[in-house]
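# Observations on the model geometry
The lines below spell out each chain.
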Amino acid sequence: MKLTFEQFYTELQKNEPWFDQMKLRYFRKDLKDVANQCYIFLLASEQRWKAQDFQDFRKCYQSFLSKSPDKVSAPVLQQEEVKQETH
């Protein structure tokens, strides 16, 4: 079965209670990027991919999430407060 990444990611999200928990638990992760890594891994696992068992795919994805680094966030510039002297 040929599933594009977008179809794969949409299918993962269909289990709403589970995916909501993933968003809460792994809020510091890039969920879509990790899903893409998991997708590529599963494509290489021929027998696993042919089974199209999304319960197994969700477990695999969750494992990838737990091991992935937090997403990189842009640095925040902190400015010092300028104190005005009164005479």
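This text goes with the structure placed above it.
Residue numbers run consecutively from 1 along every chain, following the written order of its sequence. Only residues with pLDDT of at least 70 get local features here, since the model is predicted, and only at 80 or more are side-chain atom pairs given and counted; chain-wide, interface and lining totals rely on the full set of residues. The basis for every side-chain value is the complete set of heavy atoms in the structure, and neither hydrogens nor water enter the calculation.

So, about the packing of aromatic side chains. Within a pair of aromatic rings, the relevant descriptors are the distance that separates the centres and the angle that separates the planes. What counts as a ring pair is set by centres within 6.5 Å for rings of Phe, Tyr and Trp (its six-membered ring), and what kind of pair is set by the plane angle: stacked under 30 degrees, edge-to-face over 60, tilted for all other angles. With the rule as written, the count across this model stands at 13 aromatic pairs. Geometrically, the ring pair formed by Phe5 and Tyr39 is edge-to-face, given 5.7 Å between the ring centres and 65° between the ring planes. Of this pair, Phe5 sits in helix H1 (residues 5–13) while Tyr39 sits in helix H3 (residues 31–44), and the two are 34 residues apart along the sequence. The pair Phe5 / Tyr39 is uniform in exposure class, with both members buried. Put simply, the rings of Phe5, Phe8, Tyr9, Trp18, Phe19, Tyr39, Trp49, Phe54, Phe57 and Tyr61 touch in pairs and so form one group of aromatic residues. The residue whose ring lies beneath Arg58 is Trp18, and the NZ or CZ to ring-centre distance is 5.9 Å. Note on conventions: DSSP H or I runs of at least 4 residues are helices, E runs of at least 2 residues are strands, and numbering of each starts at the N terminus. Think of it in three bands: with a 1.4 Å probe and only protein chains considered, a residue is buried below 20% of the maximum accessible area for its type, exposed above 50%, and partly exposed in between. Charges are assigned to positions over rings by a cutoff of 6 Å between ring centre and Lys NZ or Arg CZ, combined with an angular limit of 35 degrees from the ring normal.

Here we take up the environment of Leu42. Here Leu42 shows up in helix H3. For Leu42, a relative accessible area of 0% translates into the label buried. Throughout, a residue-residue contact means that at least one pair of heavy atoms, one from each residue, lies within 4.5 Å. If we skip the residues at most four places from it in the chain, Leu42 touches Phe8, Arg48, Trp49, Phe57 and Cys60.

Next up on the list: H1. Every buried residue of H1 is listed here: Phe5, Phe8, Tyr9 and Leu12. The buried residues of H1 occupy an angular sector of 95° when projected down its axis, which confines them to one face. This arc corresponds to the set of directions leading from the helix axis out to the C-beta atoms.

Moving on: the pattern of salt bridges. Between Lys or Arg on one side and Asp or Glu on the other, a salt bridge is scored when a side-chain nitrogen of the former is within 4 Å of a carboxyl oxygen of the latter. Taken as a whole and judged by the stated rule, the model has six salt bridges. A salt bridge links Lys29 to Asp70, with the nearest nitrogen and oxygen atoms 3.6 Å apart. Of the two residues, Lys29 sits in the loop between helix H2 (16–25) and H3 while Asp70 sits in the segment after helix H5 (54–67), which places them 41 residues apart along the sequence. The class of Asp70 is partly exposed, set by a relative accessible area of 43%. Residues Arg48 and Asp56 are paired through a salt bridge, measuring 2.7 Å at the closest nitrogen-oxygen approach. Since its relative accessible area comes to 30%, Arg48 is described here as partly exposed.

So far we have only geometry, and geometry alone does not tell us how the molecule works.
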